[in-house]
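Each chain is listed here by its residues.
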Amino acid sequence: MVQPTTFTPPLPSPIVVISDEKMLKIDRNIVYQLDNRERGYRTRRIRRNASMMSATTTIISGACGEPVFRQLAVELAELALMERLKTADLCEPIDDLASETESVFNIEQSHNGLLTATVQTNRSVNVFKTSSMQKVAKYPTGDRSVWTLAFHPTNENIIAFGTLGGAVSVYVDNRLAGTLNEPEPIGSLCFHPTLNFLLLTSMNEVIFWDWVNNKTYTTGMYSDCKCRFLHVTQDLRLITGITQTKTHLMAGVGKNVEEVEPEYLMVSFLRSVSLMLDKLELTLSTQVEYLLQLEMNKQCLIWIHLLQTINRKRGEVRCCSTVSPADKCTKSNLNLTLMSLIRKIDALEDRLLTRNTHNTSICITTEISQRLWSPGAVLLTQPLIYFRNICQNYICQGHKSYIKYIFDLSLVSELLRKVCHMLYTLAPSELPDTWDYISQLYGRPLSPEKHCILQAWDLESFQGDVDDLPDFKEDWKNVITICLINNDSNVAISQCEQFIASVRFRSVNEMEIRSLRRDNFGELIYAFKFTASFVSLSFSPSGRYVAVGLRCRRNLKYAYILDKDTRWRIGVGCNVSNDSNDVSETETVSQNDRVGIRLCLPLDPDNYLEINCIKWASLPGYGLLLGLKSNFIQVCR
């Protein structure tokens, strides 16, 4: 195996050293400057800027703790960057890559931001110092190009990458520490933060590889699924992006629920609710009233059929209160799933109410005597008998095989009540008189191949036992959203790991920022609509701003920088073309309540190059990093 090439720059002359020291003073991180000022230290540069910064530091130092001060300092560094981006062309080429012409389509940074690595189509990985952008190592990858790479979450000297040929390599201190070969391309990989495991995906499997002891643990998903994104948070939650199944999507829902064994009705219930909400959300985005009326009718009918089937089969569930130590028992916590579904129902109900308020052509009748169905005991009280039974017992799913669902019964009761209220109160018209075509009601949704389900899985119990691995066939569990994923750069997670950004397609592209916190998991924080093809997302160090890299029409290449914390414009577009081909894009942007900076990179149209990846440097004040189709460019230092 070829070892990486380590670059040792020649020692500069004494004159150059003095020049470099001066440059370091001038180019020092703004957060470092503010921190020194707050502590009473002074440098020549800070003294020169004292009058300009005095008002800000007075506000910051008003009895706030160091974490609050540093957060404000980081945001100030980001605001200073964006103010410069409005007027100055800050794009600078990297000398170490001036001779390379291959595309850079992914950029990753170490946990402390000191190192930056680029994935290129020239079958190599380049590692730079973020502060100076000097190349420190170049890793060869063999006969195939690298598709995904990751730094260790606590050690910047450990890096791993996977190729389109299925080869996985782990380097420690620039030395090859382990290799693994899979038959298919590696879609994504990441390190476990506390154990010596590298998580990677190949074909329709997620592999937990102990690269120190060379042991692997594999868990599969549906045969027609692929995992395109992996990330493990510091609180040991695995975030995955798995493509939607087409073969098994209809299993246990609609008319098929009648064929489901009583032991699996919980899965049918959760999957049915998830599909119902996705269907209604998709129909609402079409802005067609007739389709909404038709879809509400369908969902009413399917919901009634589902709960009636649960009532009929609830006495047939094979349960027991205890299991022996020799039995295989799986525990599945459903509280997070139930809470996220309830929040989605609330959001959907708000949209339906708003739509009905503005549409006088829809007349909603709420009198029970005028309805063809009523959410009484059959749909509210009786189903709770089934959920109460499985909540307190182990469900037998085979010979000496059990599953125990852990959930709060009050959450199920609230979910039943909210769904019935939504369908009963907001259904625009009455239900059909016949139940004969229920098997045709659940049409398979037409979605692109790259549509993935973002989910969160708990890894706290995993200590190297294959029985503790998640079941990735549970495509209804802990769903964050559905989004478009091609590679790792299409999903962004903030440094605080409280927010996740992705893009989904409805009538147009919608960039969504959702919460990863447990108290409001999956809640939509921010949404932004656009029509251009997106290539990359990245959070700023503070987590307040997000950069959206776009691949636009003709020669106009630009990115958005959006502020998720305000509903007002934070900047203005710069050098936006008046070309008629961009009219639809401009109209779409004007519909958004919150638009940030529309950034042309670079400002000179003659220097435009197509963007493959955009990343916000994790060190505050170090700007944006761009991966282009011809070379690597550093933006705004």
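Residues numbered from 1 in each chain as written. Predicted model: local features only at pLDDT ≥ 70, side-chain atom pairs only at ≥ 80, totals over all residues. Heavy atoms only, no water.

1. Focus on the pairing of strand β21 (residues 451-458)
Consecutive residues of a regular strand have side chains that alternate between opposite faces of the sheet. So the rule is basically this: Three exposure classes are used, based on accessible area relative to the maximum for each residue type with a 1.4 Å probe and protein chains only: buried under 20%, partly exposed in between, and exposed over 50%. Counting from the N terminus, the helices are the DSSP runs of H or I reaching at least four residues and the strands are the DSSP runs of E reaching at least two. Being paired, for any two strands, means DSSP has found at least two bridges between them.
Counting buried positions over the eight residues of β21 gives seven, a clear majority of the element. With seven bridges joining them, strand β16 (residues 237-243) and β21 adopt antiparallel strand pairing. For Arg237, the partnering residue across the bridge sits in β21 and is Asp458. Across five bridges, the pairing between β21 and strand β22 (residues 479-484) is antiparallel. Bridging from a neighbouring strand, Gln455 pairs with Val479 of β22.

2. Side note on the pairing of strand β5 (residues 124-129)
The element β5 is largely enclosed, with a buried count of five among its six residues. Sheet topology note: the strand β4 (residues 115-120)/β5 ladder contains five bridges and is antiparallel. When the sheet's bridge partners are listed, Ala117 is paired in β5 with Val127. As defined by bridge partners, β5 adjoins strand β6 (residues 135-140) across five bridges and the pair is classed as antiparallel. What sits directly across from Val125, in β6, is Tyr139. Following β5, the chain reverses through five residues before pairing antiparallel with β6; Met133 in that reversal takes a positive phi of roughly 55 degrees.

3. With respect to the sheet that holds strand β7 (residues 146-151)
The condition is simple: Here an angle of 0 to 180 degrees is reported between the N-to-C directions of two axes, which are lines fitted to C-alpha atoms, with helices fitted over the stretch in contact.
Strand order in the open sheet made by the four strands is β7-β8-β9-β10, with antiparallel pairing throughout. What marks the edges here is a single partner per strand, and that holds for β7 and β10 (175-181). Between one strand axis and the next, the sheet turns through 15 degrees on average, direction left out of account. With six bridges joining them, strand β9 (residues 167-172) and β10 adopt antiparallel strand pairing. Paired with Val168 across the two strands is Leu180, which belongs to β10.

4. Side note on the pattern of salt bridges
Two side chains with opposite charge may pair up if their charged atoms get near one another. In plain terms, the rule: Note on definitions: salt bridges are taken to be side-chain nitrogens of Lys or Arg within 4 Å of carboxyl oxygens of Asp or Glu.
Evaluated as defined, the whole model comprises 13 salt bridges. As a salt-bridge pair, Glu75 and Arg544 come within 3.2 Å of each other at their nearest N and O atoms. Of this pair, Glu75 sits in helix α5 (residues 66-87) while Arg544 sits in the loop between β27 (533-539) and β28 (545-551); the two residues are 469 residues apart in sequence, bridging distant segments of the chain. Relative accessible area serves as the criterion here: at 21%, Arg544 is assigned to the partly exposed category. Linking Asp565 and Lys564 is a salt bridge whose minimum nitrogen-to-oxygen distance equals 2.9 Å. Judged by its relative accessible area of 9%, Lys564 is buried. Linked by salt bridges that have partners in common, Glu75, Arg544 and Asp563 make up one network.

5. Examining the confidence of the model for the chain
This is how the line gets drawn: Each residue carries a pLDDT score, the predictor's confidence in it, ranging from 0 to 100. Contact criterion: two residues are considered in contact whenever any of their non-hydrogen atoms come within 4.5 Å of each other.
Predicted confidence across the chain gives a mean pLDDT of 77, with 73% of residues reaching 70 or more. Taken element by element, the predicted model of the chain shows its lowest mean pLDDT in helix α1 (residues 14-26) (35) and its highest in strand β23 (residues 492-493) (96). Low pLDDT, under 50, characterises residues 7-28; the stretch is placed with twelve contacts to residues that sit more than four places away or in other chains. Scored below 50 in pLDDT, residues 41-63 makes 21 contacts in the model with residues more than four places away or belonging to other chains.

6. A short note on the sheet that holds strand β20 (residues 401-406)
Strand order in the open sheet formed by four strands is β17-β19-β20-β18, and the pairing between neighbours is mixed. Pairing within the sheet leaves two strands with one partner each, and these edge strands are β17 (319-320) and β18 (328-333). The pairing of β18 with β20 spans six bridges and is classified as parallel. By the bridge assignment, Lys328 is partnered in β20 with Ser401.

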